[in-house]
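Observations on the model geometry
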Amino acid sequence: MKFEDLLLEIGGFGRFQILVLFILCLPRINLPMHFLLHNFLAATPSHHCAIPHQEAFVNLTMEEILLISIPQEPDGTFRSCEMFSQPQFHLLLNSSLQPENDSIIQDCQHGWVYDHSQFTSTISTQWDLVCEQRGLNQATATFFFIGVTMGAVVFGYLSDRFGRKAMLLLSLGCSVIFGMLSAASVSYSMLAITRTLTGVALSGASLIILPLGMEWVDIQHRTFCGVLTSIFWSIGNMLLAMIAYLVRDWHWLLVAVTGPCLLSIVCLWWVPESARWLIANGKVKQAHKHLLRCARMNGMKDFALSPELFPAFHLSQALRRMTTEKKPGESYSYVSLFRTPVLRKISLCSGAVWFGVAFCYYGMSMKLTGFGLNMYLSQFVFGIIEIPAKMIVYVLVNRVGRRQSQAWSLILTGLCIGANIIIPKSFTSLRSVVAITGKGFSEAAFTTVFLYTSELYPTVLRQNGMGYTSFMARLGGSLAPLVFLLDDVWRSLPEVTYCGVAVCCGSVAFLLPETLNVRLPESIEDIE
């Protein structure tokens, strides 16, 4: 007897499941607001060295003061990180005669002046995270994803041990606390620590939402469930662009994106624990209660097990038969993912795929400039293009299967990134189209990998499996923003890196088994 057979009796996709999915989608909206917040939290406006006042400057305009104090680039713009050691008054007569003697050029000595026309305040302007400190600015995103990486390990294990719902509530509660502390940060160190802890907390929500929803729906609606929850990520993506446009101060921006977690906590009290998890852990009475509640809400008020399917068993007896039998002293952990040959292959390959998907997705999502659009519009367009990509995924994963969809969506992401290396920067419209297309493929890869992975692992190890793969994804997410620093070595090296990783990891997906129309495995024996 399998859990899917029981779901058919109580309604595998009725009002109960729709309401559960809708409530679970509320915290899903909130996730991208934090995961992609770095684009606006750490935005670096145009800036130049601060110039101390001198008596000789009394009759000069600000433009003339800049002209004699700061070197110019070949395109005529002022350099951001350098200044003249002494004013070059001869430039007032001919600004094209830029000094060739580098000995009179020095790094900024008195801080920086920022353009506040677009941002009232960001962490870059708050703590001067520019020039030599530019790495610390990018590291803010890395700290967050390091937290998400640690949280994936912690919540993956805890949600298999103590249940999905309890850990989801704990995750959101901690997210509110650490999110608000981040907004109140008075130093860079405090922000780095609180953003890391926010990442740990939000990782639980990222990890648990989809499996909790999918464990309540039947085989036929699993794809729909995965795509629906993923669409709400895209909605959050677009909302982030609008909130960031309205809130230009980084303190209040953090408050604005953290507050909705409170609404999710209130709504989640209605969502029941996963009946699959309860049965797998021997909590039959609780599972019985939730299943009867599901049956009543789905209109199965006279629900009873079909005698043709389950002769001589009442519901509670049938549930006890489904309880996963554990050998004396047996327990499941992350080590269990690598003990048996088939499961080991699945874990190694899915880990590589998740790394590649997250590495490229966040690499593209954190580069909002260079495509001819302002950053708010780029964020919004990158969010809205994800929705048709998910619709296409919904069709493809049911027609050509999960494996092919996963592999080709990631490979095509890499090819789009590679194409923009070749296309000249003057072709802004073409570059925008290719970038948006690549973003669509990267989101298709992310949508597929969430659905695919939750079907690859058995119930007794599903959250451990999701925790491990999420760890690999967040490792990729942690490294993605640091790759931008490679442009000091070669301007196109970041894009070449993203392209190569996407193609290689996409190819690994061909080694995974197909799960289209296959029952969710309950035990390790089902996998092997």
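Just so it is clear, the model here is predicted, and its values are computed rather than measured.

**A closer look at the domain arrangement of the chain**
Parsing the chain into structural domains produces domain 1 (47–114), domain 2 (276–325) and domain 3 (336–527). Computed over C-alpha atoms, the centres of domain 1 and domain 3 are 45 Å apart.

**Re the nonpolar core**
Of all hydrophobic cores here, the largest spans 121 residues; its most connected members are Leu-24, Phe-35, Leu-168, Leu-268, Phe-359, Tyr-362 and Phe-446. The element best represented in this core is helix H15 (residues 341–365), accounting for 13 residues. Setting aside its immediate chain neighbours within four residues, Phe-359 contacts Gly-476, Leu-479, Ala-480, Val-483, Thr-497, Tyr-498 and Val-501. In terms of nonpolar packing, the next biggest core, distinct from the first, is built from 7 residues, Met-83, Cys-108, Val-130 and Cys-131 among them.

**A short note on the confidence of the model for the chain**
On average, residues of the chain score 84 in pLDDT, and 93% of them reach the 70 mark or higher. Across the chain, helix H10 (residues 250–258) holds the top mean pLDDT of 95, while helix H14 (residues 315–322) sits lowest at 54. Contacts for the low-pLDDT stretch residues 305–314, under 50 throughout, to residues beyond four places or in other chains number 14 contacts.

**Comments concerning H10**
Taken together, the buried positions of H10 are occupied by Trp-250, Leu-253, Leu-254, Val-257 and Thr-258. Projection of H10 onto a plane perpendicular to its axis shows the buried side chains occupying an angular sector of 125°, all on one side.

**A look at the state of the cysteines**
For the coordinates displayed, the defined rule picks out 2 disulfides. One disulfide bridge connects Cys-49 with Cys-108, the sulfur atoms lying 1.7 Å from each other. Because the torsion about its S-S bond is -65°, the bridge between Cys-49 and Cys-108 counts as left-handed. Here the residue Cys-49 occupies a position in strand E1 (residues 47–49), and Cys-108 occupies one in the loop between strand E3 (105–107) and strand E4 (112–114), the gap between them amounting to 59 residues. For the pair formed by Cys-49 and Cys-108, the shared burial category is buried. Residue Cys-81 pairs covalently with Cys-131 via a disulfide, S to S 1.9 Å. Measuring the twist about the S-S bond at about -95°, one finds the Cys-81-Cys-131 disulfide to be left-handed. Of this pair, Cys-81 sits in the loop between helix H4 (62–69) and strand E2 (82–84) while Cys-131 is found in the loop between helix H5 (123–127) and helix H6 (134–162), placing the two residues 50 residues apart along the sequence. With relative accessibility at 17%, the residue Cys-131 sits in the buried group. Distance from the sulfur of Cys-294, which forms no disulfide, to the nearest cysteine sulfur (Cys-225) is 13 Å.

**Description of a nonpolar patch on the surface**
On the surface, a nonpolar cluster with roughly 400 Å² of combined accessible area is contributed by Val-153, Val-154, Phe-471, Leu-475, Leu-479 and Leu-482. Those elements giving two or more residues to the nonpolar patch turn out to be H6 and helix H20 (462–483). At 4 residues, the largest contribution of residues to the nonpolar patch is made by H20. Among the secondary structure elements, Phe-471 is positioned in helix H20.

**What to know about the side chain of Thr-198**
Inspection of the secondary structure puts Thr-198 in helix H8 (residues 188–214). Its relative accessible area of 0% is what places Thr-198 among the buried residues. Not counting residues within four places of it along the chain, the set of residues in contact with Thr-198 comprises His-34, Phe-144, Phe-178, Gly-179 and Ser-182.

**Here we look at the environment of Gly-111**
If you trace the backbone, Gly-111 turns up in the loop between E3 and E4. In this structure the C-alpha to C-alpha distance between Gly-111 and Arg-403, which are 292 residues apart in sequence, comes to 53 Å. Those residues in contact with Gly-111 that sit more than four places away from it in its chain are His-48, Cys-49 and Ala-50.

Calculation criteria
- Residues numbered from 1 in each chain as written.
- Predicted model: local features only at pLDDT ≥ 70, side-chain atom pairs only at ≥ 80, totals over all residues.
- Heavy atoms only, no water.
- Domains from an automatic or database assignment.
- Core = buried A, V, L, I, M, F, W, Y, C linked by side-chain atoms within 4.5 Å.
- Buried < 20%, exposed > 50% of the residue type's maximum accessible area, 1.4 Å probe, protein only.
- Helix = DSSP H or I, 4+ residues; strand = E, 2+ residues; numbered from the N terminus.
- Contact = heavy atoms within 4.5 Å.
- pLDDT = per-residue confidence, 0-100.
- Arc of directions from axis to C-beta.
- Disulfide = S-S within 2.5 Å.
- Patch = residues over 30% accessible without salt bridge, like charges linked within 9 Å, V, L, I, M, F, W, Y side chains within 5 Å.
- Areas by Shrake-Rupley, 256 points an atom, 1.4 Å probe, with all protein chains shown as cover.
- Salt bridge = Lys/Arg side-chain N within 4 Å of Asp/Glu carboxyl O.

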